[in-house]
Amino acid sequence: MLPPEPAFMDFEGLRLRIVAGDPGLVRLTLALRAVLTILVGILLTRALPQPHPLAATVGIYLSLLLGLMVNDPLPGRRKGTLWLCGLASIASFSLGVGLIAWPWLSNLFFVLLAGLSHYLGKFGFRYGSLGLMSFFGFLMARIFPVPAAGLPVMTTAILVGTALAYVLRFWWLPDRPERILRWTYLAFQARCQLQRRQPSVRGLARLNEAALALDDQLRVLQAEELRRQLFQAELRLGQWTEARLTGQPEPEIESFDCPLPEVPPGTLLDVITYRGAGLPERLGVLAAQTILAVSLALWMGQSLAPDHWYWCAMASYMVFMQVRTLGDSLVRAFSRLAGTGMGLILGLLAGASLPLAGALPLVAILLCLFAGYYMSRISVFWMLLFNTTAISLLYTLLGQDAPQLMQLRLGMTLLGSLLGSLVALLVVPVRTAQKARSQASQVLEQILRLEDGGQLPELRAIDHLVFNLRRIGSSGSLLPMRLPETARLVRATAHLAYASRHYMIHRDEHWRERVRRSADEVRARLS
């Protein structure tokens, strides 16, 4: 017998949620690198005989971006990609400085680099990172214009920031494959315990995502027996959950507890993400949308707030960052606006209540930035909420008029988000429902192809398709105007995949009938 279900948010449940929510400790590592980047950058600046705050700001900012943007999947290329991105930032920053005397030409290069930063992702991870860092390097030159005589100092700051990103990424806090494997394994175990404590259908979906993350790593290590045991453990817990929710006799289940394989030197393990987060066949359209939206935001931002136009331009640019559908774009726009607004309120309240003297304001800023980077892999809203809170506190600490500046930032963010959303809505949009239907059709086709039996790699390929389908459908569920038909299609397809996995393992009439009924429902919703 299971113990009585614990109260919500008990300490053990909270611990399990934290472990389960960060497979491989990817989010924690990213947040620690960000905080250490800022601390080391401040210490280096204070140690200089003649500190240069502007150069330090640019170097630290680009170093933070390098930690986020460089995600080359090949271990031998990741170090080279980081240095190439640093050099690309220097080149684009220098170009931005050189074009200060010609504002119209500088604006033209700005919008072209904005579109190119998305389009280059078509040629691979390295080129996508190079495009993004080139754009942000040029943006820094526009935000912090310096004369040509100051270029050597700024170049040195960017090189130091690149070196700092390298040291943190590969020496101080490297992505150790053994640690990633162990904590991904612990995240799956935590998901299993959470499901047993609070069984639910949504919990099964999260359990499947945790299993896919671990299965991906075991596949790289060629641990086929462990992959089969993992698959069986997931199936048994699914059967137990169904029996528990329907009041049927509960089958006996065993925990997935086994020794992990050795990780050969040089192996790169990563945690599953939103696969195919850019559609290569649509990156040209995405680039065109970005150029149009940023051009409009640039024009309106410079007309309304010449000194802070970049808030408007960046809000429109971020609407198209790592999106696949119109729903993704609208969610990003709404999340950016809501996160900025809430962060503004929290920042002003914190600035009014905290003493400006002493280390407390700096500690609060670092905690906010840590939380922002920790949440960056999950939600744009939470990332912007904490980052805006930190910026508002920083303005207060520097003696700036924080309320007025933050209100201006909110207005510019609103304008930029609206312009980006309008372009996404009107210029060759990919509807969320349309993409969900296409993905559901692929799932149905794969399952029908394997009706007479499938091996583990084929079953996991179906799981990955359903994983992507859930991600597509989630953007529709987060919109103010929900997409109920898309949500029902996602649920029906997930039920079909669940039933088909059990049928292909057990081969009995009960699961065969469930597969047939689920397939009929998916066909009906697709027709």
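Since the model is a prediction, treat every value here as computed from it, not as a measurement.

Asker: Help me out: how do you make sense of the overall build of the protein in this one?
Answerer: The helix and strand inventory of the protein stands at 20 helices and 0 strands. Against the 2.2 N^0.38 benchmark of 24 Å for 527 residues, the protein shows a C-alpha radius of gyration of 25 Å, consistent with a compact globule. With respect to the principal axes defined by its C-alpha atoms, the protein has extents near 80 × 45 × 45 Å. Classification of the 527 residues of the protein by burial places 53% in the buried group. With an accessible surface of roughly 24,800 Å², the protein has 64% of that area assigned to carbon and sulfur atoms.

Asker: Sorry if this is basic, but what is going on with unusual backbone geometry here?
Answerer: Most peptide bonds take the trans configuration, and most residues that are not glycine carry a negative phi. A positive phi is found at Leu25, a non-glycine position, where the angle reads about 55°. Secondary-structure assignment places Leu25 in the loop between α1 (11-20) and α2 (26-47). Even without being a glycine, Val428 presents a positive backbone phi close to 45°. Tracing the chain through its elements places Val428 in the loop between α16 (402-426) and α17 (432-449).

Asker: Any chance you could explain the nonpolar core here in plain terms?
Answerer: Within the largest apolar cluster, 62 residues are counted, with the highest numbers of intra-cluster contacts made by Phe188, Leu214 and Phe256. Counting only elements with at least two residues in this core, the list comes to α1, α8 (177-197), α9 (201-220), α10 (224-246), α17, α18 (456-478), α19 (484-506) and α20 (509-526). Filtering out sequence-adjacent residues up to four positions away, Phe188 remains in contact with Leu207, Ala210, Ala211, Leu214, Leu230 and Phe256. Listed in part, the 56 residues of the second largest apolar core include Cys85, Leu139, Ala305 and Trp311.

Asker: Just to check I follow, could you spell out the packing of helix α15 (residues 380-397) against α16 for this structure?
Answerer: For any two helices packed against each other, the geometry is given by the interaxial angle and the distance between the axes. Where α15 contacts α16, the two axes come as close as 9 Å, and the packing angle between them is 145°. Note on packing geometry: the crossing formed by α15 with α16 is right-handed. Contact residues: Leu384, Thr388, Ile391, Ser392, Tyr395 and Thr396 in α15; Ala402, Leu405, Met406 and Arg409 in α16. The residue makeup of the contact of α15 with α16, split by class, is 6 nonpolar, 3 polar and 1 charged.

Asker: Can you help me understand the packing of aromatic side chains in this one?
Answerer: Two numbers describe a pair of aromatic rings. These are the distance of the centres and the angle of the planes. Evaluation of the coordinates by the stated rule reveals 18 aromatic pairs. With a centroid separation of 5.7 Å and 40° between ring planes, the pair formed by Trp83 and Tyr166 is classed as tilted. On the criterion of sequence distance, the pair formed by Trp83 in helix α4 (residues 75-98) and Tyr166 in helix α7 (residues 151-172) is long-range, its members being 83 residues apart. Between Tyr498 and Trp511 the ring centres are 6.0 Å apart and the planes differ by 75°, which places this aromatic pair in the edge-to-face class. Residue Tyr498 is found in helix α19, and its partner Trp511 is found in helix α20; the two are separated by 13 residues along the sequence.

Calculation rules
Residues numbered from 1 in each chain as written. Predicted model: local features only at pLDDT ≥ 70, side-chain atom pairs only at ≥ 80, totals over all residues. Heavy atoms only, no water. Helix = DSSP H or I, 4+ residues; strand = E, 2+ residues; numbered from the N terminus. Rg over C-alpha atoms; globule rule 2.2 N^0.38 Å. Buried < 20%, exposed > 50% of the residue type's maximum accessible area, 1.4 Å probe, protein only. Areas by Shrake-Rupley, 256 points an atom, 1.4 Å probe, with all protein chains shown as cover. Core = buried A, V, L, I, M, F, W, Y, C linked by side-chain atoms within 4.5 Å. Contact = heavy atoms within 4.5 Å. Axes fitted to C-alpha atoms, helices over the stretch in contact; angles between N-to-C directions. Left-handed = near helix turned anticlockwise from the far one by under 90°. Nonpolar A, V, L, I, M, F, W, Y, C, P; charged D, E, K, R; others polar. Phe/Tyr/Trp six-rings, centres within 6.5 Å; stacked < 30°, edge-to-face > 60°.

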